[in-house]
Amino acid sequence: GKYTFQDIIDIYDENPHIKEMMLTGGSPTMHPKLVDALTVFAHERDILITIETEGSHFVETTYPIGLISLSPKFSNSVPVLGAETPKGQVVDETFIKAHNRKRLNKEAILKMIDYHTDYHFKPVWDGTTGNLLEIEAFRKDLNIPKSKTYIMPAGDTRETLVEMYPKVFELCAEYGYRMTG
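Because the structure is a prediction, the values reported are computed rather than measured. (Residues numbered from 1 in each chain as written. Predicted model: local features only at pLDDT ≥ 70, side-chain atom pairs only at ≥ 80, totals over all residues. Heavy atoms only, no water.)

A. Here's a closer look at the overall build of the protein. Each helix and strand in the protein was counted, giving 6 helices and 7 strands. The secondary structure elements of the protein, listed N-terminal to C-terminal, are α-β-α-β-β-α-α-β-β-α-β-α-β. Radius of gyration (C-alpha) of the protein: 18 Å, near the 16 Å computed for a compact globule of 181 residues. With respect to the three principal axes, the spread of C-alpha positions in the protein is 45 × 40 × 35 Å. Classification of the 181 residues of the protein by burial places 37% in the buried group. (Helix = DSSP H or I, 4+ residues; strand = E, 2+ residues; numbered from the N terminus. Rg over C-alpha atoms; globule rule 2.2 N^0.38 Å. Buried < 20%, exposed > 50% of the residue type's maximum accessible area, 1.4 Å probe, protein only.)

Below you can see the structure in the form of structure tokens.
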């Protein structure tokens, strides 16, 4: 990484008015020692931590995380056989199996919901009925209230997002979900 743990401490020391921290990108729960060290640091400084995770791994920390932002990977996230990843790797069956192994780890997700302070459910909706049915079945299965469900539009380009935003607004208005960009 670009920054050390001491760099993080220094940034907060130089900016004591900042009282939030977001842990995201590339499954931060796969680094439990670092996440725990950050929760101790945050607790000492009265900093709220939000961790964005797909929910593949439960992480127990010395102090509960303030907000778990759960964005599980549904079937629309499964890589396409033969496609090229952003790092230039060609997707094969092994890659797909690895992706699917912990894609919807309900046990880890339920443990996170029970252990940490608060959570919200932030699924990506691709505009299809099938994806919506999968999101809704998951939400009901885990007893997640609609008030904690924030639908996020799928899209890798500005054009796709511009197309998806009105659809997500309409979906949220019709079903009683919340919306996030």
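The discussion continues.
B. Just the nonpolar core, in detail. One finds Met-21, Trp-125 and Ile-151 to be the most contacted residues of the largest nonpolar core, which totals 33 residues. Every residue in contact with Met-21, bar those within four places of it in the chain, is listed here: Ile-8, Tyr-12, Leu-38, Phe-41, Ile-47, Leu-48, Ile-49 and Thr-50. (Core = buried A, V, L, I, M, F, W, Y, C linked by side-chain atoms within 4.5 Å. Contact = heavy atoms within 4.5 Å.)

C. Structural context of the environment of Lys-111. Here Lys-111 is to be found in helix H4 (residues 106–115). Counting along the chain gives 53 residues from Lys-111 to Met-164, while the straight-line C-alpha distance between them is 32 Å.

D. A look at unusual backbone geometry. Despite not being glycine, Asp-46 shows a phi value in the positive range, around 60°. With respect to the secondary-structure elements, Asp-46 resides in the loop between helix H2 (32–45) and strand S2 (48–53). The exposure class of Asp-46 is exposed, given its relative accessible area of 63%. Positive phi, normally seen in glycine, also occurs at Asn-143, with a value near 55°.

E. Fine view of the pattern of salt bridges. Throughout the structure, instances matching the rule amount to 8 salt bridges. Lys-140 serves as the salt-bridge partner of Glu-136, at 4.0 Å between the closest nitrogen and oxygen. Of this pair, Glu-136 and Lys-140 both sit in helix H5 (residues 129–141), 4 residues apart, which is roughly one turn of that helix. A residue is classified by how much of its surface remains accessible, and Glu-136, at 14% relative accessible area, is buried. When its relative accessible area of 57% is taken as the criterion, Lys-140 is described as exposed. The partner of Glu-163 in a salt bridge is Lys-167, and the shortest N-O contact between them spans 3.4 Å. Placement of both Glu-163 and Lys-167 in helix H6 (residues 158–175) is noted, with a separation of 4 residues, approximately one turn of the helix. By relative accessible area, Glu-163 is classed as partly exposed at 48%. Via salt bridges that share partners, Glu-136, Arg-139 and Lys-140 belong to a single interconnected network. (Salt bridge = Lys/Arg side-chain N within 4 Å of Asp/Glu carboxyl O.)

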